[in-house]
Amino acid sequence: MDKNHALDAFAALSQATRLDVFRLLINAGDAGLPAGDISHTLGVRQNTMSTNLSVLARAGLIRSEREGRSIRYFANMDGMRGLLAFLMEDCCGGHPEMCQPFLNELACPC
């Protein structure tokens, strides 16, 4: 992940609702959540939620799949790993590969 992509991700997460959405989707795991359920759970109007979901998707932090008339959203664990790897790029004396086991455990595919 380059610096500009990391800045986009941080900007996306710097708003309370978007951070709540991202954490909710991480908690949902592989099942993800339909957009309506996300709106209902967080008490956010659907049109406002749609905008927030778009920002997170453009930042590479979530992904979606269409299910008929509904859209199901998932946390993009690869995007999260990329952001964490960016933050830890200079760790371990300039050997970021030493941090990879930690990153894999922290951003588990569970």
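Sequence order as written defines residue numbering, which begins from 1 separately in each chain. It should be noted that, the model being predicted, local features are given only for residues of pLDDT at least 70 and side-chain atom pairs only at 80 or more, the latter also being counted only at that level, while totals for whole chains, interfaces and linings use all residues. Water and hydrogen atoms were dropped before computing side-chain values, which therefore reflect all heavy atoms in the structure.

1. Considering the sheet that holds strand 1 (residues 33-34)
To keep things clear, this is the line we draw: In this description, strands pair whenever DSSP reports at least two bridges between them. Each helix is a run of H or I in the DSSP string that is no shorter than four residues. Each strand is a run of E no shorter than two, and both are numbered from the N terminus.
The sheet built from three strands is open, its strands ordered 1-3-2 with antiparallel pairing. Two strands in the sheet have a free side with no partner beyond their single neighbour: strand 1 and strand 2 (62-67). Two strands pair when backbone bridges link them, and strand 2 and strand 3 (residues 70-75) are joined in this way by six bridges, in the antiparallel orientation. The residue bridging Glu 65 from the neighbouring strand is Arg 72, located in strand 3.

2. Considerations on the pairing of strand 3
Across two bridges, the pairing between strand 1 and strand 3 is antiparallel. Bridging across to strand 3, Pro 34 finds its partner in Arg 72.

3. Here's the deal with the packing of helix 3 (residues 35-42) against helix 4 (residues 46-58)
Selection rule: Here, axes are lines fitted to C-alpha atoms. For helices the fit covers the stretch in contact, and angles between N-to-C directions go from 0 to 180 degrees. Angular relationships are summarised with four words: roughly parallel below 35 degrees, roughly antiparallel beyond 145, roughly perpendicular across 65 to 115, and oblique for the angles in between. Two helices cross in a left-handed way if the nearer one is turned anticlockwise from the farther one by less than a right angle. They cross in a right-handed way if the turn is clockwise. Note on definitions: a residue-residue contact is assigned when non-hydrogen atoms from the two residues lie within 4.5 Å. By the convention adopted, Pro, Cys, Tyr, Trp, Phe, Met, Ile, Leu, Val and Ala count as nonpolar, Lys, Arg, Asp and Glu as charged, and the other residues, Gly among them, as polar.
Viewed as axis vectors pointing N to C, helix 3 and helix 4 meet at an angle of 110°, and their least axial separation amounts to 10 Å. Accordingly, the angle class assigned to the pair helix 3 and helix 4 is roughly perpendicular. In the crossing of helix 3 with helix 4, the sense of the turn from one axis to the other is right-handed. Facing Ala 35, Gly 36, Ile 38, Ser 39 and Leu 42 of helix 3, the residues of helix 4 in contact are Gln 46, Met 49 and Leu 53. Class assignment for the residues of the contact of helix 3 with helix 4 results in five nonpolar, three polar and no charged.

4. Things to note about the packing of aromatic side chains
Condition: Stacked, tilted and edge-to-face are the three classes assigned to paired rings of Phe, Tyr and Trp, where Trp is represented by its six-membered ring and a pair needs centres within 6.5 Å; plane angles under 30 degrees give stacked, over 60 edge-to-face, the rest tilted. Over a ring means this: the NZ of a Lys or the CZ of an Arg is within 6 Å of the ring centre and within 35 degrees of the ring normal.
Following the criterion strictly, the structure yields zero aromatic pairs and no others. The aromatic ring of Phe 74 is capped on one face by Arg 63, whose charged end is 4.3 Å from the ring centroid.

Purely geometric stuff here, so don't read any function into it on its own.
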